[in-house]
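# Close look at the chain arrangement
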Amino acid sequence: IALATYAELAALADASAQIATLPELCTACEEQRIGMYLTFHDQRAIAPALACLRNEDKLSVSLLAAARLDWLTEIKALDAAATTVLQCESYRLDLIMAAQVCSADYVHLCFTAYDQSASLRPTRAWLDQAHAAGLGVIGWYSEDPGLELLPGLDGICTPAAMAPPTPAERSAHSILAV
């Protein structure tokens with residue numbers, strides 16, 4: 001799939017499916033009045049995506065995410081105004097230092113999606129350290145009603161559809177990534 005062209009991918013889709021292009025996604029997001037959270041899994045997509053977001057005037061409302069520090073560094077080198085997100089699945093990594101190395105604006109705590117044990121949840125003290133370092137923090141929302149969101153997170157992410165945020169949730173989080 002990584003080497004396929006848009007036309008080749010479109011040919012694979014059944015007749016009822018439509019593969020949206022990035023400009024089409026930009027338009028759809030604008031119509032819904034939401035920003036974009038783009039995760040890169042191929043470095044070759046970075047420069048064309050940045051060019052498209054600039055052309056569509058959507059760079060300022062987009063979060064560009066990757067798990068690779070070198071790719072995030074490349075994004076910032078190509079456009080310092082890009083808002084980047086370091087995705088991490090290991091709680092053993094010093095996320096604050098890693099984010100600073102690649103000039104990320106946010107860290108996304110993806111590891112909490114896989115292991116909901118209390119020892120892996122970020123603490124308020126860690127969150128305060130991240131904020132003091134100038135980083136936003138996006139957490140993983142669990143559908144487990146026994147788990148509460150850490151107050152002070154800048155955003156949440158979930159794999160499932162969520163009810164619209166309450167006014168209190170809106171004031172507590174500046175980003176809702178789904």
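Residues numbered from 1 in each chain as written. Predicted model: local features only at pLDDT ≥ 70, side-chain atom pairs only at ≥ 80, totals over all residues. Heavy atoms only, no water.

## Brief notes about the nonpolar core
Applied cut-off: In plain words, nonpolar cores are sets of buried Ala, Val, Leu, Ile, Met, Phe, Trp, Tyr and Cys residues tied together by side-chain atoms within 4.5 Å. Note on classification: 1.4 Å probe, protein chains only; a residue is buried when its accessible area is under 20% of the maximum for its type, exposed when over 50%, partly exposed between these limits.
Counting residues in each nonpolar core, the largest one holds 36 residues, and the members touching the most others are Phe40, Leu64, Ile75, Val107, Trp126 and Val137. The next biggest cluster of nonpolar side chains, apart from the first, holds six residues, and it includes Leu63, Val85, Ile138 and Cys157.

## Some thoughts on the pattern of salt bridges
We apply this condition: Note on definitions: salt bridges are taken to be side-chain nitrogens of Lys or Arg within 4 Å of carboxyl oxygens of Asp or Glu. To qualify as a helix, a DSSP run of H or I must reach at least 4 residues; to qualify as a strand, a run of E must reach at least 2; elements of each kind are numbered from the N terminus.
The tally for this structure, following the rule as stated, stands at six salt bridges. In this structure, glutamate 30 and lysine 58 form a salt bridge, with 3.3 Å as the shortest nitrogen-oxygen distance. Residue glutamate 30 is located in helix α2 (residues 22-32), and its partner lysine 58 is located in the loop between α3 (46-55) and β2 (62-66); the two are separated by 28 residues in the primary sequence. Ionic pairing is found between arginine 124 and aspartate 128, a salt bridge with its closest N-O pair at 3.0 Å. Highlighted residues: arginine 124 and aspartate 128, both in helix α6 (residues 124-132), separated by four residues, approximately one helical turn. With a relative accessible area of 40%, arginine 124 lands in the partly exposed category.

## Digging into the side chain of serine 62
This is how the line gets drawn: Any pair of nitrogen or oxygen atoms within 3.5 Å is treated as a polar contact; in protein, a donor-acceptor pairing is required on top of that, and neighbouring residues in sequence qualify only through side-chain atoms on both sides. For this analysis, residues touch if any pair of their heavy atoms sits within 4.5 Å.
By the element assignment, serine 62 lies in strand β2. With a relative accessible area of 2%, serine 62 lands in the buried category. Of note is the side chain of serine 62, whose polar atom sits 2.6 Å from the backbone oxygen of lysine 58. When near neighbours in sequence (up to four residues on either side) are disregarded, serine 62 contacts Met36, Leu38, Leu53 and Thr83.

## What to know about the environment of alanine 7
Following the sequence through the fold, alanine 7 ends up in helix α1 (residues 6-12). The class of alanine 7 is exposed, set by a relative accessible area of 53%. Spatially, the C-alpha atoms of alanine 7 and isoleucine 19 are 9.8 Å apart, while their sequence positions differ by 12 residues.

## A short note on the state of the cysteines
Test applied: The disulfide definition used here is simple: a pair of cysteine sulfur atoms within 2.5 Å.
The tally for this structure, following the rule as stated, stands at zero disulfides. The thiol sulfur of cysteine 29 is not disulfide-bonded, and the nearest other cysteine sulfur, from cysteine 26, lies at 6.9 Å. Residue cysteine 29 is classed as buried on the basis of its relative accessible area of 14%. Cysteine 26 provides the cysteine sulfur closest to cysteine 52, a residue in no disulfide bond, and the two sulfurs are 4.8 Å apart. According to the relative accessible area criterion, cysteine 52 is buried, its value standing at 13%.

## Points about the environment of aspartate 154
Here aspartate 154 is to be found in the loop between β5 (136-140) and β6 (155-157). Residue aspartate 154 is classed as buried on the basis of its relative accessible area, which comes to 17%. Along the chain, aspartate 154 and glycine 136 lie 18 residues apart, while their C-alpha atoms are 5.7 Å from each other. There is a polar contact of 2.8 Å between the side chain of aspartate 154 and the backbone nitrogen of valine 137.

## A closer look at the confidence of the model for the protein chain
Just so we agree on the cut-off: Each residue carries a pLDDT score, the predictor's confidence in it, ranging from 0 to 100.
On average, residues of the protein chain score 80 in pLDDT, and 70% of them are at 70 or above. Within the protein chain, no element has a lower average pLDDT than strand β7 (residues 175-177), which sits at 51, and none a higher one than helix α4 (residues 69-78), at 97.

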